[in-house]
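# Architecture and fold: a report
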Amino acid sequence: MGQTAKPPRQNRTLTVDFHSETTYFALLGNTKAFIECVLAFILSLGFQLTHKASCSEGGRLTRHSHDARVRLGGLILWRIQCTTCKAVFTVLPHFVLRYRRMSPNVARQALIATHGGLSLEWCAVICNISPMALYRLVCALGQQSLVAVLTRCGLPLPVYILADEKHSRCRTDRVYLPTIASGRVIWHLGYSESQSAAALTESYGVFQRAALKHKPSYRVQGARTDGFDSTTRSLRTLFPGARLGYGLRHALNKLPSKLIGLSAPVRMGLRSQFHTLLYRCRQRRSLRVVALGQRLRHFAAHIATAVGQEHGERVRNWFQDKKAGWYAVLADPKMPASSTLLDQAHNAIDRKLFMMKGFHHPGRRQEAFLTGLAHLYNLIPYQRRALNAGQCGVEVEGGRWPTPDWMLNLQILTSGGFR
Ligand SMILES: [Zn+2]
């Protein structure tokens with residue numbers, strides 16, 4: 001007998017909102033009503049079930065398999081089955097989490113506290129759970145991809161993206177978190193130990209594969225980066241037809257480092273002139289690219305006369321290298337203009353990783369943990385005094401919510417049985 005590895009069992013859990021525990025227990029005694037309730041719930045979400053690949057009639061009426069119920073801490077769970085493909089779905093009532101003793105209410109408090117910036121350890125203390133349990137919960141949420149969850153919310157795949165890597169540390173090693181964002185939502189949050197173009201292509205490729213699986217005709221039209229070489233190369237490989245632009249803000253911050261050996265006031269003075277130049281080009285209604293090209297030439301000449309040929313030459317070469325990317329940003333008004341939101345998200349996630357160095361064990365669940373954190377970033381509503389208070393990133397971007405309760409939405413959207 002060959003040692004063929006069993007394929008991992010497909011997670012076909014369905015989190016269903018029964019409104020109250022009493023309703024759930026009452027329905028357990030009535031098979032027909034139970035199935036009807038589950039079907040009505042799925043219909044109200046507008047989701048499809050994950051049938052087996054062979055099932056051509058996916059979505060056909062399902063019936064429960066009689067003896068397939070399991071006890072989880074004394075609770076009876078029912079399974080329902082597709083009569084055509086025999087796919088079995090476990091129906092999880094809204095008041096339990098998959099494979100977990102922790103109640104959704106405890107999880108809600110702990111997740112909102114960790115999302116708000118409290119360390120896993122402190123969240124665990126105030127919610128009376130173990131830090132490891134909270135870590136595992138975030139990893140479990142991260143089993144579902146960001147693309148799957150965001151498209152279930154009705155968000156279209158992003159045509160214009162912002163791609164950037166956060167530099168972080170895992171104990172003493174440098175690590176990178178390749179990220180794809182659009183507006184207020186994160187579409188990809190990966191983990192890489194190298195910043196080579198190959199490693200970044202591998203990470204961004206995870207997003208690309210998930211997106212193409214969802215919509216085979218998906219094409220990125222424009223991507224904005226900081227102009228870092230590996231990122232540019234990886235995006236060019238993955239999205240050959242896309243317009244690649246470089247952030248102007250990043251360019252502004254880079255200028256002083258091109259003026260080696262000059263005094264700080266001189267460098268800052270030139271930076272502020274460069275700022276005015278970029279700002280004026282952005283404000284123009286037409287011929288923005290032509291205007292920028294002209295002004296860059298004049299500015300390099302100005303630097304050469306003001307502080308020396310050598311500096312003028314260095315800045316001119318730098319402009320030469322990057323200008324195509326800057327032009328791309330100015331030429332297409334739909335290109336993402338600001339990366340402030342992504343920077344904020346990166347910093348918050350980095351603080352979280354920093355606070356939990358102990359969990360960077362070789363068990364290699366970093367991807368799942370990071371994806372879980374990104375789900376929280378996308379789905380937890382903004383706090384009371386924020387702009388868009390009470391809404392989460394998905395809502396601000398025009399996505400649909402299954403229910404008004406973010407924790408329940410998180411449970412439903414990360415269920416493996418929905419398509
Ligand atoms: Zn089926």
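Preceding this section is the structure that the text describes.
Residues numbered from 1 in each chain as written. Predicted model: local features only at pLDDT ≥ 70, side-chain atom pairs only at ≥ 80, totals over all residues. Heavy atoms only, no water.

## Topic: the packing of aromatic side chains
Tallying each qualifying case throughout the model produces 18 aromatic pairs. Three or more aromatic residues joined by ring pairs form one cluster here, namely Phe-18, Tyr-24, Phe-25, Phe-34, Trp-78 and Phe-95. Above the face of the Phe-89 ring, Arg-12 is positioned so that its terminal group lies 6.0 Å from the ring centre. Here Arg-108 stacks its cationic end above the ring of Trp-406, 5.9 Å away from the centre of that ring. (Phe/Tyr/Trp six-rings, centres within 6.5 Å; stacked < 30°, edge-to-face > 60°. Lys NZ or Arg CZ within 6 Å of the ring centre and 35° of its normal.)

## Some points on a nonpolar patch on the surface
Residues Leu-118, Trp-122, Val-125 and Ile-126 make up a contiguous nonpolar surface patch of roughly 430 Å² in combined accessible area. Of note, Ile-126 is situated in helix H4 (residues 120-127). (Patch = residues over 30% accessible without salt bridge, like charges linked within 9 Å, V, L, I, M, F, W, Y side chains within 5 Å. Areas by Shrake-Rupley, 256 points an atom, 1.4 Å probe, with all protein chains shown as cover. Salt bridge = Lys/Arg side-chain N within 4 Å of Asp/Glu carboxyl O. Helix = DSSP H or I, 4+ residues; strand = E, 2+ residues; numbered from the N terminus.)

## Observations regarding the environment of Val-88
When you line up the elements, Val-88 lands in strand E4 (residues 88-93). Between the alpha carbons of Val-88 and Cys-55 there is a distance of 13 Å; along the sequence they are 33 residues apart.

## Quick look at the sheet that holds strand E6 (residues 173-182)
Spatially, E7-E6-E5-E8-E9 is the arrangement adopted by the 5 strands of the open sheet, whose pairing is mixed. Looking at strand neighbours, the two that pair on one side only are strand E7 (185-189) and strand E9 (243-246), the edges of this open sheet. Sheet twist, expressed as the mean angle between neighbouring strand axes with direction ignored, is 30 degrees. Note that E6 and E7 share 4 bridges and pair antiparallel. Residue Ile-180 lies in a different strand from E7, and its bridge partner there is His-188. Where helix H13 (residues 340-355) meets the sheet, it contacts strand E5 (160-170), E6 and E7, and its direction lies at approximately 25 degrees from that of E5. (Pairing = 2+ DSSP bridges. Axes fitted to C-alpha atoms, helices over the stretch in contact; angles between N-to-C directions. Contact = heavy atoms within 4.5 Å.)

## A few points about the pattern of salt bridges
Side chains bearing opposite charge may pair, as long as their charged atoms lie close to each other. Counted under the stated rule, the structure contains 6 salt bridges. Among the ionic pairs, Asp-405 bridges to Arg-108, the shortest N-O distance being 2.9 Å. Within this pair, whereas Asp-405 is found in the loop between helix H15 (393-396) and helix H16 (406-413), its partner Arg-108 is found in helix H3 (residues 104-115), the two being separated by 297 residues in sequence. Arg-233 is the salt-bridge partner of Asp-229, the closest N and O atoms lying 3.1 Å from each other. Of this pair, Asp-229 and Arg-233 both sit in helix H8 (residues 229-238), 4 residues apart, which is roughly one turn of that helix. We classify Asp-229 as partly exposed; its relative accessible area is 46%. (Buried < 20%, exposed > 50% of the residue type's maximum accessible area, 1.4 Å probe, protein only.)

## What about H16?
An α-helical turn contains 3.6 residues, so any two residues separated by three or four positions project in the same direction. With respect to burial, H16 is a largely interior element, 8 of its 8 residues being buried. For H16, the set of buried residues is Trp-406, Met-407, Leu-408, Asn-409, Leu-410, Gln-411, Ile-412 and Leu-413. Those residues of H16 hidden inside the fold are in contact with strand E1 (13-16), helix H2 (31-45), H3, helix H5 (131-141), helix H6 (146-152) and helix H14 (366-379).

## Observations regarding the state of the cysteines
Applying the stated criterion to the full structure yields 0 disulfides. With no disulfide of its own, Cys-392 has Cys-153 as its nearest cysteine by sulfur position, at a separation of 7.2 Å. What makes Cys-392 buried here is its relative accessible area of 0%. (Disulfide = S-S within 2.5 Å.)

## Regarding the nonpolar core
Membership of the largest hydrophobic core comes to 95 residues, with the highest contact counts inside it found for Tyr-24, Phe-34, Leu-111, Trp-187 and Phe-418. Among the elements that make up this core, the one with the highest residue count is H14 (8 residues). Once residues within four sequence positions are removed from consideration, Tyr-24 is found in contact with Phe-18, Phe-34, Leu-75, Ile-76, Leu-77, Trp-78, Pro-93 and Phe-95. (Core = buried A, V, L, I, M, F, W, Y, C linked by side-chain atoms within 4.5 Å.)

## Topic: the side chain of Thr-15
By secondary structure assignment, the location of Thr-15 is in strand E1. Look at Thr-15 and you get buried, because its relative accessible area is 4%. Residue contacts for Thr-15: discarding those within four places in its chain leaves Phe-41, Leu-92, His-94, Leu-408, Gln-411, Ile-412, Ser-415 and Phe-418.

## What about the packing of helix H9 (residues 248-258) against helix H12 (residues 309-331)?
Across the interface, H9 lies against H12 with an axial gap of 11 Å and an inter-helix angle of 175 degrees. By the criterion of interaxial angle, the relationship of H9 to H12 is roughly antiparallel. Contacts from Leu-248, Ala-251, Lys-254, Leu-255 and Lys-258 of H9 reach H12 at His-311, Arg-314, Val-315, Trp-318, Trp-326 and Leu-330. Tallied by class, the residues present in the contact of H9 with H12 amount to 7 nonpolar, 1 polar and 3 charged. (Parallel < 35°, antiparallel > 145°, perpendicular 65-115°, else oblique. Nonpolar A, V, L, I, M, F, W, Y, C, P; charged D, E, K, R; others polar.)

## Things to note about the pairing of E5
Regular strands show a simple pattern: their side chains alternate between the two faces of the sheet. The element E5 is largely enclosed, with a buried count of 9 among its 11 residues. Where E5 and strand E8 (residues 222-225) come together, 3 bridges link them in parallel fashion. Considered in E8, the bridge of Leu-162 is made with Arg-224. Here E5 runs beside E6; their pairing, made up of 9 bridges, is antiparallel. Within E6, the residue paired with Glu-165 across the bridge is Pro-178. Where E5 hands over to E6, the hairpin turn is made up of 2 residues, of which Arg-171 adopts a positive phi near 50 degrees.

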